[in-house]
Amino acid sequence: MECSFSDSSKPKVNPRNCVSLMPYTFVRHCRPGRPRPVLVVPALLSRILADKLCLSRDFEKCLSETQSTDTLHENKELNGNSCIPQQDLEQLMQKNVHAWMDLGLESVQELLGMDIYPIIILITIGEKNAKKFKKALQRLGATEEQLLESARKDEAQLETVSCLYRSIAPDAWGDLDALVSCVRMAVADEQKKVVWVEQVPH
């Protein structure tokens, strides 16, 4: 099975498909030595893929922490009432596994501020391949229309994220198992790369 991805290193790909850094932006680079956490969008697909991928010893779920109403005003909210479980992330990286995160794209800037560099994977969804998730979506109490709307919002929000992301094209997979394999391959490939992020002035 062949998985095709959008990759900024290939000239045939429009850079805007996978690069959200603006032209002439100052950037910095690093090469993380430990497995980077994984953030898949759209979020509904991330929930569907989580159980299958976390059967592998390479991935483990890292659930967001829910703050009590007494502490919400003391902590920066990232996604509703959720915040980054930094201690859990560190423990998983020390175990040499990828943390599968349930946070939204709002969490990315905070992660970068902690010197944690997530692998962001966009799975491009259209009406045709959204139908392949009908049963899985029903188990989550969601619909194909909600998946498509979530995908549109997340794709737009990716343009504001100050780091690169990986895109998996709709024609790269034919069913859920094939998509799981594509995501696993994409994560392994991204882990090998130098990470470039926007250098935010202090």
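Please read all numbers here as calculations on a predicted model, not as lab measurements.

A.B. asks: Which residues make up the confidence of the model for the chain, and what are the values?
C.D. replies: Mean pLDDT for the chain: 81, with 77% of residues reaching 70 or above. Predicted confidence for residues 1-20 stays below pLDDT 50, and this span has 43 contacts to residues more than four positions away or in other chains. In the predicted structure, residues 67-82 sits below a pLDDT of 50 and forms 23 contacts with residues beyond four places in sequence or in another chain.

A.B. asks: Outline the packing of aromatic side chains, listing residues and values.
C.D. replies: A complete count under the given rule lists 2 aromatic pairs for this structure. Judged by centre distance (6.0 Å) and plane angle (80 degrees), the rings of Phe-59 and Trp-100 are edge-to-face. Residue Phe-59 is found in strand 4 (residues 59-62), and its partner Trp-100 is found in strand 7 (residues 98-101); the two are separated by 41 residues along the sequence. Lys-132 extends its terminal NZ or CZ atom over the ring of Trp-173, reaching a point 5.0 Å from the ring centre.

A.B. asks: Got a sec to walk through the pattern of salt bridges? Specific residues and values, please.
C.D. replies: For the structure on display, the rule yields 9 salt bridges. Notably, a salt bridge pairs Asp-177 with Lys-52, separated by 3.2 Å at the nearest N-O pair. Here the residue Asp-177 occupies a position in helix 7 (residues 176-191), and Lys-52 occupies one in helix 1 (residues 43-53), the gap between them amounting to 125 residues. With relative accessibility at 48%, the residue Asp-177 sits in the partly exposed group.

A.B. asks: Just give me the short version of the side chain of Ser-107, but keep the residues and values in it.
C.D. replies: Within the secondary structure, Ser-107 is located in the loop between strand 7 and helix 3 (108-113). The buried category is assigned to Ser-107, whose relative accessible area is 1%. For Ser-107, the side chain forms a polar contact with the main-chain oxygen of Gly-104, separated by 2.7 Å.

A.B. asks: Can you lay out the packing of helix 1 against helix 7 for me, pointing to particular residues and giving the numbers?
C.D. replies: Running from N to C, helix 1 and helix 7 point in directions that differ by 80 degrees, and their axes come no closer than 10 Å. As far as their axial angle goes, helix 7 and helix 1 are roughly perpendicular. Of the residues in helix 7, those in contact with Ile-48, Leu-49, Lys-52 and Leu-53 of helix 1 are Leu-176, Asp-177, Leu-179, Val-180, Val-183 and Arg-184. For the contact of helix 1 with helix 7, the residue count by class is 7 nonpolar, no polar and 3 charged.

A.B. asks: If you had to explain unusual backbone geometry to someone new, which residues and values would you point to?
C.D. replies: In this chain, Val-41 is followed by Pro-42 through a cis amide linkage whose omega measures 5 degrees. Here Pro-42 shows up in the loop between strand 3 (38-41) and helix 1. Despite not being glycine, Asp-115 has its phi angle at roughly 60 degrees, a positive value. Structurally, Asp-115 is set in the loop between helix 3 and strand 8 (119-123).

Basis of the calculations
- Residues numbered from 1 in each chain as written.
- Predicted model: local features only at pLDDT ≥ 70, side-chain atom pairs only at ≥ 80, totals over all residues.
- Heavy atoms only, no water.
- pLDDT = per-residue confidence, 0-100.
- Contact = heavy atoms within 4.5 Å.
- Phe/Tyr/Trp six-rings, centres within 6.5 Å; stacked < 30°, edge-to-face > 60°.
- Helix = DSSP H or I, 4+ residues; strand = E, 2+ residues; numbered from the N terminus.
- Lys NZ or Arg CZ within 6 Å of the ring centre and 35° of its normal.
- Salt bridge = Lys/Arg side-chain N within 4 Å of Asp/Glu carboxyl O.
- Buried < 20%, exposed > 50% of the residue type's maximum accessible area, 1.4 Å probe, protein only.
- Polar contact = N/O pair within 3.5 Å; in protein donor to acceptor, adjacent residues only side chain to side chain.
- Axes fitted to C-alpha atoms, helices over the stretch in contact; angles between N-to-C directions.
- Parallel < 35°, antiparallel > 145°, perpendicular 65-115°, else oblique.
- Nonpolar A, V, L, I, M, F, W, Y, C, P; charged D, E, K, R; others polar.

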